[in-house]
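Okay, here's what each chain looks like letter by letter:
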Amino acid sequence: MQLKSKTTSRDDKYPSFLTFLTTYLGFYILIIVGLLSSFLFPRKFKKEVNRHGYPPLSYNFFQLYSRYVMRRVQDGHSFVVCSLPGAEIVLKDRETLDDGWTLNFTGTTTKCINLGSYNYLGFAQNEGACSEAAIQAIKTYGISTCSTRTQFGTCALHLELEKLTAEFLGVEDAITFGMGFATNVLSLPVILSKGCLVLSDSKNHSSLILGIKLSGATVRVFDHNDVDHLEARLQEAIVYGQGAKNDYIPWKKILIIVEGIYSMEGTIVRLKEIIALKKKYKAYLYLDEAHSIGAMGKTGRGVVEYCGCDPRDVDILMGTFTKSFAAAGGYIAGNKDIISCLRKHSFASKYATAISPPVCAQIISVLKILMGRDGTDIGCQRIEALARNTRYFRTQLNQIGVVVYGHDDSPVVPILTYSHSKTLATVRKLLKHKIAIVGVVYPVTPLMQARIRICLSADHTKEQLDYALKHIEEVSQELGLIYCKNKNI
């Protein structure tokens, strides 16, 4: 039986006026210090030359922000890894001797608990069935097919992967691509065109946003996971059409685009209600399951299974192999007509190199494990372990009193720090305790929603999670991140 879970309301956890004030004050102090630093201690930068009559390739505020604000926090980003991204990860140590202008390797490494990788099911391994399958694929097919899918880039592994993906998802057909980001960007322009309307969740991923822009379709945004606002948008679209002055012109098609798990929010889509709206208003539905496929549902079949929905009610199922499958690339699945159209017209199919054969073998091996075709119940064990770790970790964080966004069953766990400076301090202090996390600040997030984002894995042991929770609590108390202590949230 599916356990019911709640999604934390933003209104219940909106920061106090003092937090709001200090966050904005701290940000503008950084900008002012940056301006003063650029004026009083100018550094020599390469400038564009011979550009008379051309607009600049980069703008002054962006240059100022990246050089004098983001520079100060670059040691909390872009870590260099020299190990597998498993439950533990080895990072190359870096230091700066010039206030962050350059980062130099010290020659040493640090082994940390990994709370930043998308290795949800723990398949990022260098031994076992998946690794052996990848090695055999290299021996048989080499590292790359060195061509696109429409030319000489398709091998037997690609055909097997697509057939298995469609079967796993419970749909007619599937097509795979070599890059997850490109799956959205280069496929949406095939599905959409001028005269189409897209209703897009306000927290949709940048790959979806870019794909919509390239398509030329009209886009209207609805509030995050708000089905009432979505219905209002649908009603408006049908009543007014394309808004012509004299004649009523209906939209060619209306496509709703949502994600299974939102990668920065940790929220899970309200799929049943959105499917009901899609049917009621005769719209189409595009579901991005980059973070939910493999990580959600009793058998890892994603948010469709988790919500108890029929996969055939979702017109286009999109997902990536970069998370739960510990590989690379993406897929789009649905009925045969849609997939055949994408095979003929998608730029990713016509111009991009096909998925590497050893990567295909890795994904096929993971799919077979999740489907129980390896003769074991390892897949079920990993899915259950991820769900157990997620529930436990989120429960403990709420008891600590930090602000946690998202759904109780989401392995993406954002902890709000609000302040730009506190985010970096949290990353640095936890790294000293050998805990590797990701800090996210403006412009990736809204200014008032800086956060650290934790991604849980089936490979994490309870001892590792308890160790991380202990130090997260210590750092939260030290930096003043406990905003909800003794509150009923």
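Refer to the structure printed above.
Just so you know, these numbers come straight off a predicted model, no measurement behind them.

Draft legend 1. Broad picture of the packing of aromatic side chains. Counted by the stated rule, this structure contains eleven aromatic pairs. For the pair Phe27 and Tyr65, a centre-to-centre distance of 6.1 Å together with 45 degrees between the ring planes defines the contact as tilted. Here the residue Phe27 occupies a position in helix α1 (residues 17-40), and Tyr65 occupies one in helix α2 (residues 60-68), the gap between them amounting to 38 residues. Note on Tyr418 and Tyr483: the rings are 5.1 Å apart at their centroids and 85 degrees apart in plane angle, and the pair reads as edge-to-face. Taken together, the residues span a long stretch of sequence, with Tyr418 in strand β11 (residues 412-418) and Tyr483 in the segment after α15 (462-479) at a distance of 65 residues. Comparing Tyr418 with Tyr483, the two get one shared label, buried. Cluster of aromatic residues (ring-pair linked, three or more members): Phe20, Tyr24, Phe27, Tyr28, Tyr65 and Tyr442. When the ring centre of Phe105 is taken as reference, the NZ or CZ atom of Lys92 above it lies at 4.4 Å. Seen from the ring of Phe123, Arg382 lies directly overhead, with NZ or CZ sitting 4.4 Å from the centre.

Draft legend 2. The environment of Cys155, seen in detail. Looking at where Cys155 falls in the secondary structure, it is placed in the loop between α3 (129-141) and α4 (156-169). On the accessibility criterion, Cys155 (11% relative accessible area) is buried. Measuring from C-alpha to C-alpha, the distance between Cys155 and Arg72 comes to 47 Å, with 83 residues separating the pair along the chain.

Cut-offs and rules
Residues numbered from 1 in each chain as written. Predicted model: local features only at pLDDT ≥ 70, side-chain atom pairs only at ≥ 80, totals over all residues. Heavy atoms only, no water. Phe/Tyr/Trp six-rings, centres within 6.5 Å; stacked < 30°, edge-to-face > 60°. Helix = DSSP H or I, 4+ residues; strand = E, 2+ residues; numbered from the N terminus. Buried < 20%, exposed > 50% of the residue type's maximum accessible area, 1.4 Å probe, protein only. Lys NZ or Arg CZ within 6 Å of the ring centre and 35° of its normal.

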